[in-house]
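# A structural walkthrough
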Amino acid sequence: TQGALQAADTTALGGHWVRMFATWPDLEPQRRVYAPNWLASYETTIRALPPGTKVILDVVGTPKWETGSSNEHTPPARPADYAALLGMLAQRYGRMVTAYEIWNEEDASAWWANPNPGAYVELLKAAYRVIKAADPAATVVMGGLTGNDYPFLEGVYQAGGKGYFDVVAVHTDTACNIL
């Protein structure tokens, strides 16, 4: 299975952390209707990892029912909907997941249509509150920024994002490096 292959790769590489994408449209195809097959698949993959592996679950994508758009990179219209999913995941997976990354490259239109620090902060605040309520020990990761995108990060702080994340992720690989 895919989970077994990932576990073998993690073992071979000697990795201690694994970042996994979880897509909201797959996990919640209808409002408050969660897909048991996807939830179980992630759980199986996580359990197959070598003991002691820490998991960062990066939840991305917006279902059509939430925005009315077929573009899954359209930001959530109601941050509370996204947060409800994250809260359910944090409660279900508990200590199997060490950290939750709130989106991916929210400063890039390829991942977040029309990037906007203020809109992102609303999502970040809602998610942070429910994750910490479900699992106070969980780490909340601000979604990976493309390159060292200081203007976007400054925008997050200006929009009131301080205190609603534990870690800032930055993607500095060549494909993401914008500065």
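The structure under discussion appears in the preceding block.
Residues numbered from 1 in each chain as written. Predicted model: local features only at pLDDT ≥ 70, side-chain atom pairs only at ≥ 80, totals over all residues. Heavy atoms only, no water.

### Re the sheet that holds strand β4 (residues 139-146)
- Pairing is parallel across the open sheet formed by 5 strands, whose spatial order is β1-β2-β3-β4-β5. For this open sheet the edge positions go to β1 (17-23) and β5 (167-171), each flanked by a neighbour on one side alone. For this sheet the average axis-to-axis angle between neighbouring strands, irrespective of direction, equals 30°.
- Where strand β2 (residues 54-60) and strand β3 (residues 99-102) come together, 4 bridges link them in parallel fashion. Residue pairing in the sheet places L57 in a bridge with Y100 of β3.
- Sheet contacts for helix α5 (residues 79-93): β2 and β3; angle to β3, the most-contacted strand, approximately 165°. (Pairing = 2+ DSSP bridges. Helix = DSSP H or I, 4+ residues; strand = E, 2+ residues; numbered from the N terminus. Axes fitted to C-alpha atoms, helices over the stretch in contact; angles between N-to-C directions. Contact = heavy atoms within 4.5 Å.)

### Observations concerning the nonpolar core
- With 40 residues, the main nonpolar core has L89, Y100 and I102 as its most contacted residues.
- Filtering out sequence-adjacent residues up to four positions away, L89 remains in contact with L27, L39, L57, V59, G94 and Y100. (Core = buried A, V, L, I, M, F, W, Y, C linked by side-chain atoms within 4.5 Å. Buried < 20%, exposed > 50% of the residue type's maximum accessible area, 1.4 Å probe, protein only.)

### Quick word on unusual backbone geometry
- One non-glycine residue, R32, adopts positive backbone phi at about 60°.
- Take R32: its relative accessible area is 44%, and that puts it in the partly exposed class.

### Digging into the pattern of salt bridges
- Applying the stated criterion across every chain yields a total of 11 salt bridges.
- Among the ionic pairs, D58 bridges to R19, the shortest N-O distance being 2.6 Å. Pair noted here: D58 is in strand β2 and R19 is in strand β1, with a separation of 39 residues, a long-range link.
- Taking the shortest distance from any N to any O, the salt bridge between R31 and D81 comes out at 3.3 Å. Placement of the pair is R31 in the loop between α2 (24-27) and α3 (36-48) and D81 in helix α5, with a sequence separation of 50 residues.
- Each of E28, R31, R32, E66, R78 and D81 takes part in salt bridges that share partners, so that together they form one network. (Salt bridge = Lys/Arg side-chain N within 4 Å of Asp/Glu carboxyl O.)

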